[in-house]
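Tertiary structure, described
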Amino acid sequence: MRRNFTLKTFNTFGLDVMAAYVVTVNDLSDIERLRKSGYWQLDKKMILGGGSNCLFLDDYYEGIVLLMNNKGVSIQDYDADFVKVSVAAGEDWTPFVQRMVAAGYGGIENLTLIPGKVGASPMQNIGAYGVEIKDVFLRLQAFDLENGKLVDFEAADCEFGYRSSVFKTTLKGKFVILSVDFLLHKHPQANFQYGSIREELSRLGVSQPEIVDVSVAITNIRRSKLPDPLQLGNAGSFFKNPVVHRLVFDDLKREFPDIVGYPEKTNTVKLAAAWLIEKAGWKGRRVGDVGVHKNQALVIVNYGGATGRDIFSFAMEIQQSVRETFGIHLEPEVNII
Ligand SMILES: Cc1cc2nc3c(=O)[nH]c(=O)nc-3n(C[C@H](O)[C@H](O)[C@H](O)COP(=O)(O)OP(=O)(O)OC[C@H]3O[C@@H](n4cnc5c(N)ncnc54)[C@H](O)[C@@H]3O)c2cc1C
């Protein structure tokens, strides 16, 4: 247990937040020991993976931070087509993806270069380039913070949705995800339906892509498009893409003919939040040490000296401006702590 420990290198906004207590979780016994100690009575507890989807509002967290660092990847034959891969929550996501791609196991290559740890991947059902974690998810094991029991969650229990799961909604803060099991394909077909992947593959001279080629293409695209949190603090997309009824979209389309929206299965359309933010005049705008990234309007960046509250106020101004311009509510994707 460390006291008054700075989380500056444990959140990708680079905020110099001090935590009253920090416990590194190398295995379950670390949580069980903590549970038996007096510190457990402290009201505030939070679980931190790579801190790439968190915005700390205050510069002091008056509670215990559980820093996930348990390690281990085990691969088992599942059936003729799949392997079951069990991964400890503290494993870093991208090295795990790269290891699976190198071994020829497919299904998560489109999620290459998403920052963070494996344990957080089900939290918001991480997704990119047409793939979400729910597509390869088998089950996870979690520790119930209330009664200290271990619980298995199958896919249906997790209520996965767009950038959402039960762990981000009704069970928020109630469980520590300890490990996740994935089913990965032994004979994968590369998924390169997105135009930008095709363009990058063609630039690389690849005509019959395998999963490793898709992973490399996505790495290149993401490096060229998104700011590296080590250079410029950010937490990726700050807001979710709003989903509206088709009638609302049709109305908006009459007023804004170039609005970007993707029809969904039901009578809904997913709007591109980046388009809304850019059209409302925010792309590249900077106020003090906070700004909207010049290439990607969904990404709010910390130029160095911003506080959590500066970032939050800035985000709320964007939210209000988009509401006033389009009548659309932008919901933060980032977890506000
Ligand atoms: C540059 C950049 C690009 C990104 N691109 C994408 C993208 O393409 N798609 C996407 O979906 N996301 C993206 N993200 C967001 C982020 O990387 C993911 O949400 C990631 O899964 C967060 O992992 P983490 O370990 O950093 O989580 P943290 O930020 O540490 O935690 C996120 C939330 O999960 C909780 N949590 C973390 N670990 C556990 C656990 N073991 N048990 C219970 N709760 C836990 C935390 O309490 C917090 O509420 C991006 C972020 C950045 C900075």
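To start, this report covers the structure provided alongside it. It should be emphasised that the depicted structure is a prediction, and the values quoted were computed from it without experimental measurement. (Residues numbered from 1 in each chain as written. Predicted model: local features only at pLDDT ≥ 70, side-chain atom pairs only at ≥ 80, totals over all residues. Heavy atoms only, no water.)

The next point concerns the overall build of the protein chain. Summing up its helical and strand segments, the protein chain has eight helices and 20 strands in all. Here the C-alpha atoms of the protein chain give a radius of gyration of 21 Å, agreeing with the 20 Å that 2.2 N^0.38 yields for 337 residues. For the protein chain, the residues scored as buried account for 49% of the 337 residues in total. For the protein chain, the proportion of contacts with a sequence separation of at least 24, taken over those separated by at least 6, is 61%. In the form shown here, the protein chain has an accessible surface area of approximately 16100 Å², with 49% of it arising from carbon and sulfur atoms. (Helix = DSSP H or I, 4+ residues; strand = E, 2+ residues; numbered from the N terminus. Rg over C-alpha atoms; globule rule 2.2 N^0.38 Å. Buried < 20%, exposed > 50% of the residue type's maximum accessible area, 1.4 Å probe, protein only. Contact = heavy atoms within 4.5 Å. Areas by Shrake-Rupley, 256 points an atom, 1.4 Å probe, with all protein chains shown as cover.)

Attention now moves to the site of the ligand. Taken together, the neighbourhood of the ligand is formed by 34 residues, with I47, G49, G50, S52 and R222 sitting nearest. P115 is positioned such that a nitrogen or oxygen atom in its backbone is 3.0 Å from an oxygen atom of the ligand. Here an oxygen atom of the ligand and a backbone polar atom of K117 are 2.8 Å apart. Those elements giving two or more residues to the shell around the ligand turn out to be β3 (45-48), β8 (127-128), β12 (175-185) and β13 (233-237). When grouped by side-chain class, the residues that make up the shell around the ligand number 17 nonpolar, 13 polar and four charged. (Near = heavy atom within 4 Å. Polar contact = N/O pair within 3.5 Å; in protein donor to acceptor, adjacent residues only side chain to side chain. Nonpolar A, V, L, I, M, F, W, Y, C, P; charged D, E, K, R; others polar.)

Let us look at the packing of helix α4 (residues 195-203) against helix α5 (residues 211-225). It is the contact of α4 with α5, at a shortest axis distance of 9 Å, that shows an interaxial angle of 105 degrees. By the angle between their directions, the pair α4 and α5 is classed as roughly perpendicular. Side by side, α4 and α5 meet where S196, I197, E200, L201 and R203 of the first sit next to D213, V214, A217, I218, N220 and I221 of the second. Of the residues belonging to the contact of α4 with α5, the class tally is six nonpolar, two polar and three charged. (Axes fitted to C-alpha atoms, helices over the stretch in contact; angles between N-to-C directions. Parallel < 35°, antiparallel > 145°, perpendicular 65-115°, else oblique.)

Take the pairing of strand β16 (residues 268-271) next. The alternating pattern of β16 places T268 and K270 and V269 and L271 on opposite faces, both of which are buried. Bridge count between strand β14 (residues 243-245) and β16: three bridges; the pairing is antiparallel. Pairing of H245 across the sheet is with T268, part of β16. Direction of pairing for strand β15 (residues 261-263) relative to β16: antiparallel, over a ladder of three bridges. Within β16, the position partnered with P263 by the bridge is V269. (Pairing = 2+ DSSP bridges.)

This paragraph deals with helix α8 (residues 308-326). When the terminal C-alpha atoms of α8 are compared, their 27 Å separation across 19 residues agrees well with the 27 Å that a helix rising 1.5 Å per residue should span. Within α8 the residues assigned to the buried category are G308, I311, F314, A315, I318, Q319, S321, V322 and F326. Across the axial projection of α8, the buried residues extend over an arc of 165 degrees, all falling on one side. Contact partners of the buried residues in α8: β4 (54-55), α6 (246-255), α7 (273-279), β17 (286-287), β18 (290-292) and β19 (299-302). (Expected span 1.5 Å × (residues − 1). Arc of directions from axis to C-beta.)

This next bit is on the pairing of β3. Burial along β3 is one-sided: the residues M46 and L48 are buried and none of K45 and I47 is. Across four bridges, the pairing between β3 and strand β5 (residues 60-68) is parallel. Across the sheet, the residue bridging to L48 is L67, located in β5.

Looking now at the environment of G161. Inspection of the secondary structure assignment puts G161 in the loop between α3 (155-158) and β12. Taking C-alpha positions, G161 is 9.4 Å from E132, a pair spaced 29 residues apart along the chain. For G161, the contacting residues outside a window of four places in its chain are N125 and E132.

We now examine a nonpolar patch on the surface. A contiguous nonpolar surface patch, about 260 Å² in accessible area, is contributed by M1, Y39 and L42. Considering the arrangement of structural elements, one finds L42 in the loop between α1 (28-36) and β3. A relative accessible area of 30% means that L42 is categorised as partly exposed. (Patch = residues over 30% accessible without salt bridge, like charges linked within 9 Å, V, L, I, M, F, W, Y side chains within 5 Å. Salt bridge = Lys/Arg side-chain N within 4 Å of Asp/Glu carboxyl O.)

Following the criterion strictly, the structure yields 17 salt bridges and no others. Taking the shortest distance from any N to any O, the salt bridge between K84 and D181 comes out at 3.9 Å. Of the two residues, K84 is situated in strand β7 (residues 82-88) and D181 in strand β12; the sequence distance between them amounts to 97 residues. Residue class for D181 comes out buried when judged on its relative accessible area of 10%. Across the pair E200 and R203 runs a salt bridge whose closest N-O atoms are separated by 2.9 Å. Of this pair, E200 and R203 are both found in helix α4, three residues apart, which corresponds to roughly one turn of the helix. Judged by relative accessible area, which is 10%, E200 ranks as buried. Accessibility expressed as a relative area gives 60% for R203, which makes it exposed. One salt-bridge network, held together by shared partners, links K84, R139, E154 and D181.

Here the focus is the sheet that holds strand β10 (residues 137-144). Here five strands make up an open sheet; going across it, the order is β6-β7-β12-β10-β11 and the pairing antiparallel. Looking along the sheet, the strands with just one partner apiece sit at the ends: β6 (73-77) and β11 (150-154). Averaged over all pairs of adjacent strands, the angle between their axes in this sheet comes to 20 degrees, without regard to strand direction. Sheet topology note: the β7/β12 ladder contains seven bridges and is antiparallel. By the bridge assignment, A88 is partnered in β12 with S179. Its contacts with the sheet put α1 on β10, β11 and β12, and the angle it makes with β10 is roughly 30 degrees. On top of the sheet, helix α2 (residues 93-103) reaches β6, β7 and β12; it is set at about 35 degrees to β6, its chief contact.

By themselves these figures say nothing about function.
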